Amino acid sequence: MLIKLGIIASVLVLGGMMFSAEITSLFPNTSALLADSLKDDINSLNAKVTDSAENRLDSSLDKTIQSVSDSVYEGITDTGDKLVENVNEKISEGITDTGDNIKNEILESSTSSTTDLVNEVSEFDPFNFIKNLFKTN
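Residues numbered from 1 in each chain as written. Predicted model: local features only at pLDDT ≥ 70, side-chain atom pairs only at ≥ 80, totals over all residues. Heavy atoms only, no water.

**Here's the deal with the overall build of the protein chain**
Summing up its helical and strand segments, the protein chain has four helices and zero strands in all. Moving toward the C terminus, one meets the helices and strands of the protein chain in the order α-α-α-α. Out of the 137 residues belonging to the protein chain, those deemed buried represent 2%. Surface exposure of the protein chain reaches about 12,300 Å², of which carbon and sulfur atoms provide 64%. (Helix = DSSP H or I, 4+ residues; strand = E, 2+ residues; numbered from the N terminus. Buried < 20%, exposed > 50% of the residue type's maximum accessible area, 1.4 Å probe, protein only. Areas by Shrake-Rupley, 256 points an atom, 1.4 Å probe, with all protein chains shown as cover.)

Right under this line is the structure:
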């Protein structure tokens, strides 16, 4: 039994000597009192873990916020583009319809005026017109 304890103790001592740099980096505060040393070391380790977790959480939140912001901006831009396209299309249709209506009304008016002029000219008697012009009341 003592031989086993001796072997275990020697392995621990040799391990402590071989990996002293790693042990010092993990547990930098070594003091005479084991309880104080462990308390300080655990507090230091907790601070490192907390800082690392906060940094990862902050970067993760920043990435998520940026992604959501990009998606919202993209959605608003797409919606705005579609809205502008629809408004332009409706305006173009309205202008085309109005132009067609004006053109049709001009053609109808032209046809009507031509018909009226042809009728008036065909009924025009120049001799009667001159006679009526020189006729005194």
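**What to know about a nonpolar patch on the surface**
On the surface, Val-13, Leu-14, Met-17, Met-18 and Phe-19 cluster together to form a nonpolar patch covering roughly 560 Å² of accessible area. Position of Val-13 relative to the elements: it lies in helix α1 (residues 2–18). (Patch = residues over 30% accessible without salt bridge, like charges linked within 9 Å, V, L, I, M, F, W, Y side chains within 5 Å. Salt bridge = Lys/Arg side-chain N within 4 Å of Asp/Glu carboxyl O.)

**Points about the confidence of the model for the protein chain**
Across the protein chain, the average pLDDT comes to 81, with 88% of residues at 70 or higher. Ranking the elements of the protein chain by mean pLDDT puts helix α2 (residues 20–26) last, at 68, and helix α3 (residues 34–123) first, at 85. (pLDDT = per-residue confidence, 0-100.)

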